[in-house]
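Structural features, examined
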Amino acid sequence: MFRSTSVRQRLAAAALLVAATVPSVLSAQNKFSVTPWVGSFFSIADFYNDEFDLTVIGGTGTTTITVSQENTAMFGLRVSLPVSATIAAEGSFGYAQSNVRFVIEDAFAPFDAATTDKGSVMIGSLRAVIRPRRSNLSLVLGGIVVHHGGDFWDDPALDGKLTNFGAVAGIGFRANVTPRFPIDIRAEGNFYSFDPDKGDNASLGFYPGKMQSDLVFSVGVPLGAR
């Protein structure tokens, strides 16, 4: 009788401990946090990649010109505020000192003519982060504003928009290095239209308006989510 009562008391104590612990574990999945992060920025689409008619500028024939943003490191900060047990509202900002590369292909020379100039990319966004219960995976969906700056884009002839709106979609994974030291790993795609000079050819403007796709892979340490 004594043993049976003792076992029941231990089971009851264990049940109370689990009941007290589980809500705190679940709430730790989704609570207010500030996350500094570092990552890699990849520009998937070229700003210009086409044959150019040299007669427009007084030359002869055509050549292929490519203008693109260089891949580089990106740094940023995210602030997350829980909305429910599985959804958080998040604000994010990222900055990359990314130069712009200008390449002119020459079929008669052993090397193409290429140059780079200083450029930068800033991406701000508001998004929803959906993380199912008892899962370390999350889905990211939201809107973004992207600004291209630097010496390359500081040109009076560029009368288009260097600041544009678009959308972000991504996935995340939270890993616990230790019980008190989690890290967030993210892969996000940023999609927006970009037309810096409002034209589709050399007579109206050099750059064609087109959809841009920038990928950002990041690792951050959430402060306050322990």
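Anyway, here's the lowdown on the structure attached to this text. Since the structure is predicted, the reported quantities are computational estimates derived from the model, not experimental observations. (Residues numbered from 1 in each chain as written. Predicted model: local features only at pLDDT ≥ 70, side-chain atom pairs only at ≥ 80, totals over all residues. Heavy atoms only, no water.)

**Details of the overall build of the chain**
- The number of helices and strands found in the chain is one helix and 12 strands.
- Taken from the N to the C terminus, the helices and strands of the chain come in the order α-β-β-β-β-β-β-β-β-β-β-β-β.
- Looking at the chain residue by residue over its 226 residues, the buried ones come to 36%.
- A separation of at least 24 residues holds for 64% of the contacts in the chain among residues at least 6 apart in sequence.
- A total accessible area of about 12800 Å² is found for the chain, and carbon and sulfur atoms account for 64% of it. (Helix = DSSP H or I, 4+ residues; strand = E, 2+ residues; numbered from the N terminus. Buried < 20%, exposed > 50% of the residue type's maximum accessible area, 1.4 Å probe, protein only. Contact = heavy atoms within 4.5 Å. Areas by Shrake-Rupley, 256 points an atom, 1.4 Å probe, with all protein chains shown as cover.)

**Notes on the packing of aromatic side chains**
- Overall, the coordinates contain five aromatic pairs when judged by the stated rule.
- Summarising the aromatic geometry, the rings of F47 and F194 are spaced 5.2 Å apart at their centres and angled 50° between planes, so their arrangement reads as tilted. Taken together, the residues span a long stretch of sequence, with F47 in the loop between β1 (33-43) and β2 (48-53) and F194 in strand β11 (residues 181-194) at a distance of 147 residues.
- For F47, a relative accessible area of 3% gives the class buried.
- Judged by centre distance (5.4 Å) and plane angle (90°), the ring pair of W153 and F194 falls under edge-to-face. Within this pair, whereas W153 is found in the loop between β9 (137-149) and β10 (163-178), its partner F194 is found in strand β11, the two being separated by 41 residues in sequence. Of the two residues, W153 and F194, both sit in the buried class.
- Aromatic ring contacts, followed pair by pair, group F47, F152, W153 and F194 into a single cluster. (Phe/Tyr/Trp six-rings, centres within 6.5 Å; stacked < 30°, edge-to-face > 60°.)

**Thoughts on the side chain of S218**
- Locating S218 in the fold gives a position in strand β12 (residues 210-220).
- Residue S218 is classed as buried on the basis of its relative accessible area of 5%.
- Other than its neighbours up to four places away in sequence, S218 contacts W37, V38, G39, R78, D184, I185 and R186.

**Let's talk about the pairing of strand β8 (residues 120-130)**
- As judged from the 10 bridges shared by strand β5 (residues 87-96) and β8, these two strands associate in the antiparallel manner. Note that in β8 the partner of E90 across the bridge is R127.
- Judged from the 11 bridges that link them, β8 and β9 form a sheet pairing that is antiparallel. Considered in β9, the bridge of M122 is made with H147. (Pairing = 2+ DSSP bridges.)

**A look at a nonpolar patch on the surface**
- A surface patch of nonpolar side chains, about 500 Å² in accessible area, is lined by V83, I87, I130, L139, L141 and I171.
- Turning to its location among the elements, L141 is positioned in strand β9. (Patch = residues over 30% accessible without salt bridge, like charges linked within 9 Å, V, L, I, M, F, W, Y side chains within 5 Å. Salt bridge = Lys/Arg side-chain N within 4 Å of Asp/Glu carboxyl O.)

**Re the environment of S125**
- Within the secondary structure, S125 is located in strand β8.
- Along the primary structure S125 and V145 are separated by 20 residues, whereas in three dimensions their C-alpha atoms are 6.2 Å apart.
- S125 has contacts with E90, G91, S92, G143, I144 and V168, leaving out every residue within four places of it along the chain.
- One polar contact links S125 to R127, side chain to side chain, over a distance of 2.7 Å. (Polar contact = N/O pair within 3.5 Å; in protein donor to acceptor, adjacent residues only side chain to side chain.)

**Topic: the pattern of salt bridges**
- Going through the model one piece at a time under the given rule, you end up with five salt bridges.
- The residue R127 makes a salt bridge to E188 at a minimum N-O spacing of 2.9 Å. On the criterion of sequence distance, the pair formed by R127 in strand β8 and E188 in strand β11 is long-range, its members being 61 residues apart. Neither residue differs from the other here; R127 and E188 are each classed as buried.
- Among the salt bridges present, the one from R174 reaches D184, with a minimum N-O distance of 2.8 Å. Residue R174 is located in strand β10, and its partner D184 is located in strand β11; the two are separated by 10 residues in the primary sequence. Per residue, the accessibility class of R174 equals that of D184, and both read buried.

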